[in-house]
Amino acid sequence: MTAASTVCCMAFFRTRAGWQASIILFCGTAVLVFAHGTDAHERILIFLHRYEAFELDELLLALDVVGLMSIVYACLRLLDLRQEKRRRDHAEARADWMARHDALTGLYNRHALSERLEILRQKRNQRFGIILLDLDGFKKINDAFGHAAGDCVLQEVASRITSLTAAGDTFRFGGDEFVVIIPEPSKLVETAQQIVSALCVPIAFNGIVLDIGASAGFAEHPKNAPTPAECLTNADAAMYAAKASGRGRVYAYDQSMQERQFAKARLEHSLREALRAGEIKPYYQPILDLQTGAVMAFEALARWEQAPGKFVPPSEFISIAEDMGLIVELTDQLLRMACRDALHWPEHVILSFNISPTQLQERGLGLRILNILMEAGLTPNRLEIEITETALVHELETAALILNDLHEGGIRIALDDFGTGYSSLAQLSNFQFDKIKIDRSFVSSFQDQEKQEKIVKAIVGLGIGLDVPTTAEGIETPEQLRSLIEMGCRFGQGYLFGKAVPAHEIPEAVLQIRSAVV
Ligand code: C2E
Ligand code: CA
Ligand code: CA
């Protein structure tokens, strides 16, 4: 018997079936030894012969046949079991493959990457580099051409990356993020650039050309990071820096990137805390009826006073809240506070409230807003929701349903920052708006530029034609105000009338504004 078959036998006897076989073998041998020792077979034959009339020999024959049938049955069962085992081994191998691979691209997945990083950690002194790639414009492709196009892009990207790297070193890290481990750090820059160039070549899908690109960041172990996990984090920081500087860039990690990451992480942490403590509050900037000079609304603008006198700009923390998935909670909290404040204003003064574009993709938004209004006791006709054009680019159907819910509930909708998106006019014909807010960039410069003035005039005219009143944002000088009134602009907002103030400063602000215009 060879060593291999000995090992196989030992392994078999350690299994449950092996135990059972050993017990049966042991019992059978014991019976045989006993029968042999006592001459049992001969005695049985004599007994059968002596009592032939009992037909015990037929009974014995029947027992032999049953024994034979059991052997055949056992053999068949054994075959079944072997087949079953083969099937199970196959299923286990498949489950194992799936646990370590991404089904769409066939690349190793995040789990496999963690295992690889752990192996690298145990090797301690091995030098290597990590490239982290993120596709540019992938979300747009998914939104505009559907998931089939997105899947096609991911498969093509995977095959382009693997054609430039060693087998088994590429991982799909997340949605459109890929990681490549480079065993030879001196090749990091060259490989990263080659991959990014390869990914900038457009991809053909069903007769359409999909314009895609990628940004990459890389880090080296142990030069930039003492552990493989930190090397990955640092490559990520470099990738973010590359992405922030524009499309198609390749960045090597440097210390300052991590500091920026830490600062961002700290800000994220304090944002969570501030939200929990209700420290982000709405301030109110007046919107005036330019014909009467009266305040007709207050726009709620989020203010986060991180330390006394130190405000974090909303443009910064709103996008972080969106990224962290905290925007829903933040909006609800702000809207509740704003509704409570609005109850103290005169009946004709409405609350204008900004909704982040990402929220126009949550189907339940309309209902939630209406619930908050009901709880606060503010009637829906005193609320105006401001949405930007970018909110109406993705998931158009959902956005339309939400706008419909809001309209049916009696809430008005204003199209904010009009003229800054790329589909302003299309939005006007597709959706029903109650107000158009002309972006500050047109108002602040139109005194100096004839062209800008013509644009503002055209927007005001468009509003008049569509019977949708316009609000000019960012009015800072009396001259701007005069021109806008002459053009027929109905409402105005800007530092000329007042900056956003906390709720308790409003009554005074209202009085000041009346006198400023009149
Ligand atoms: P927005 O909705 O266009 O708000 C108007 C911005 O213009 C405000 O900036 C306001 O302070 C500023 N502004 C108003 N009049 C003038 C003026 O005469 N001159 C100048 N230079 N600026 C003026 P703020 O408060 O920094 O808000 C920036 C943006 O952040 C807002 O732009 C809005 O998109 C967003 N935001 C603010 N609060 C919220 C909120 O509660 N939720 C959401 N989703 N977004 C918000
Ligand atoms: Ca606004
Ligand atoms: Ca605006």
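Residues numbered from 1 in each chain as written. Chains lettered and ligands numbered in written order. Predicted model: local features only at pLDDT ≥ 70, side-chain atom pairs only at ≥ 80, totals over all residues. Heavy atoms only, no water.

Visitor: Explanation requested: the overall build of the chain in the structure shown.
Guide: Counting its regular elements, the chain contains 19 helices and 16 strands. Relative to its length of 518 residues, the chain is extended, with a C-alpha radius of gyration of 38 Å against a globular reference of 24 Å. Dimensions of the chain along its principal axes, counting C-alpha atoms only, are 135 × 65 × 55 Å. The buried share of the chain, taken over its 518 residues, is 40%. Taking the intrachain contacts of the chain between residues at least 6 apart in sequence as the baseline, contacts between residues at least 24 apart amount to 66%. Taken as a whole, the chain presents about 29000 Å² of accessible surface, with 58% of it coming from carbon and sulfur. Of the side-chain charges in the chain, 51 are positive and 67 negative, and the distance between the mean point of each set is 4 Å. (Helix = DSSP H or I, 4+ residues; strand = E, 2+ residues; numbered from the N terminus. Rg over C-alpha atoms; globule rule 2.2 N^0.38 Å. Buried < 20%, exposed > 50% of the residue type's maximum accessible area, 1.4 Å probe, protein only. Contact = heavy atoms within 4.5 Å. Areas by Shrake-Rupley, 256 points an atom, 1.4 Å probe, with all protein chains shown as cover. Lys, Arg positive; Asp, Glu negative; His and termini not counted. Charge placed at Lys NZ, Arg CZ, Asp CG, Glu CD.)

Visitor: Would you mind going over unusual backbone geometry with me for this structure?
Guide: Most peptide bonds are trans, and most residues other than glycine sit at a negative phi. Note that the residue after H221, namely P222, is joined by a cis bond; omega there is 5 degrees. In this fold, P222 is placed in the loop between β6 (213–221) and α9 (228–244). Its identity is not glycine, yet E55 carries a phi of approximately 55 degrees, on the positive side. Locating E55 in the fold gives a position in the loop between α3 (40–50) and α4 (56–100).

Visitor: How do you make sense of the site of ligand 1 when you look at a structure like this?
Guide: In the region of ligand 1, 20 residues are neighbours, and A302, R303, R440, E476 and Y495 sit closest. A distance of 3.0 Å separates a nitrogen atom of ligand 1 from a polar backbone atom of A302. Contact with the protein chains hides 82% of the accessible area of ligand 1, taken as 790 Å² for the molecule alone. At the level of secondary structure, the elements contributing two or more residues to the shell around ligand 1 comprise β9 (295–307), α11 (314–324) and β13 (412–418). (Near = heavy atom within 4 Å. Polar contact = N/O pair within 3.5 Å; in protein donor to acceptor, adjacent residues only side chain to side chain.)

Visitor: In this structure, what is going on with the confidence of the model for the chain? I would like to understand it.
Guide: Any segment with low pLDDT has predicted coordinates that should not be analysed in fine detail. Here the chain averages 90 in pLDDT, while 95% of its residues score no lower than 70. In this model residues 514–518 is a low-confidence stretch, pLDDT under 50, and it forms six contacts with partners more than four residues away in sequence or in other chains. (pLDDT = per-residue confidence, 0-100.)

Visitor: What's the story with the coordination of the calcium ion (ligand 2) in this structure? I'm lost.
Guide: Six octahedral donors around a metal ideally subtend angles of 90 or 180 degrees, whereas four tetrahedral donors ideally subtend 109.5 degrees. With distances of 2.1 to 2.3 Å, the protein atoms coordinating the calcium ion (ligand 2) are E299 (OE), N354 (OD1), E386 (OE) and D416 (OD). Written as a sequence motif, the donor arrangement for the calcium ion (ligand 2) is E-x54-N-x31-E-x29-D. If you look at the calcium ion (ligand 2) and the calcium ion (ligand 3), they sit 3.8 Å from each other and are both ligated by D416. Placement of N354 in strand β11 (residues 350–354) and of D416 in strand β13 is noted, with a sequence separation of 62 residues between them. (Donors = N, O, S within 2.8 Å, 3.2 Å for Na, K, Ca; no water.)

Visitor: Got a minute to help me understand the coordination of the calcium ion (ligand 3) in this structure?
Guide: D416 (OD), D417 (OD), E473 (OE) and E473 (OE) make up the full set of protein donors to the calcium ion (ligand 3), lying at 2.1 to 2.7 Å. Along the chain, the residues that donate to the calcium ion (ligand 3) are spaced as D-D-x55-E. Assessed through its relative accessible area of 24%, D417 is described here as partly exposed.

Visitor: Help me understand the domain arrangement of the chain, please; the structure alone is not making it clear to me.
Guide: How big an interface is tends to be stated in terms of the accessible area lost upon association of its parts. Split into domains, the chain comes out as domain 1 (1–39), domain 2 (110–253) and domain 3 (275–517). Computed over C-alpha atoms, the centres of domain 1 and domain 2 are 57 Å apart. (Domains from an automatic or database assignment.)

Visitor: Which parts of the structure should I look at to understand the environment of S445?
Guide: Topologically, S445 is positioned in helix α16 (residues 440–445). Each C-alpha atom of the pair S445 and Q480 lies 9.4 Å from the other, and the pair is 35 residues apart in sequence.

Visitor: So what exactly am I meant to see when it comes to the sheet that holds β6 here?
Guide: To summarise the sheet geometry, strands pair through backbone hydrogen bonds and adopt either a parallel or an antiparallel arrangement. Across the sheet, which stays open at both edges, the five strands sit in the order β2-β3-β1-β6-β7 with mixed pairing between neighbours. Bordering the open sheet on either side are β2 (170–172) and β7 (250–252), each of which pairs with just one other strand. Strand-to-strand twist of the sheet, defined as the mean angle between neighbouring strand axes without regard to direction, takes the value 20 degrees. As paired elements, β6 and β7 share three bridges and run parallel to each other. Bridged to A216 within β7 is V250. (Pairing = 2+ DSSP bridges. Axes fitted to C-alpha atoms, helices over the stretch in contact; angles between N-to-C directions.)

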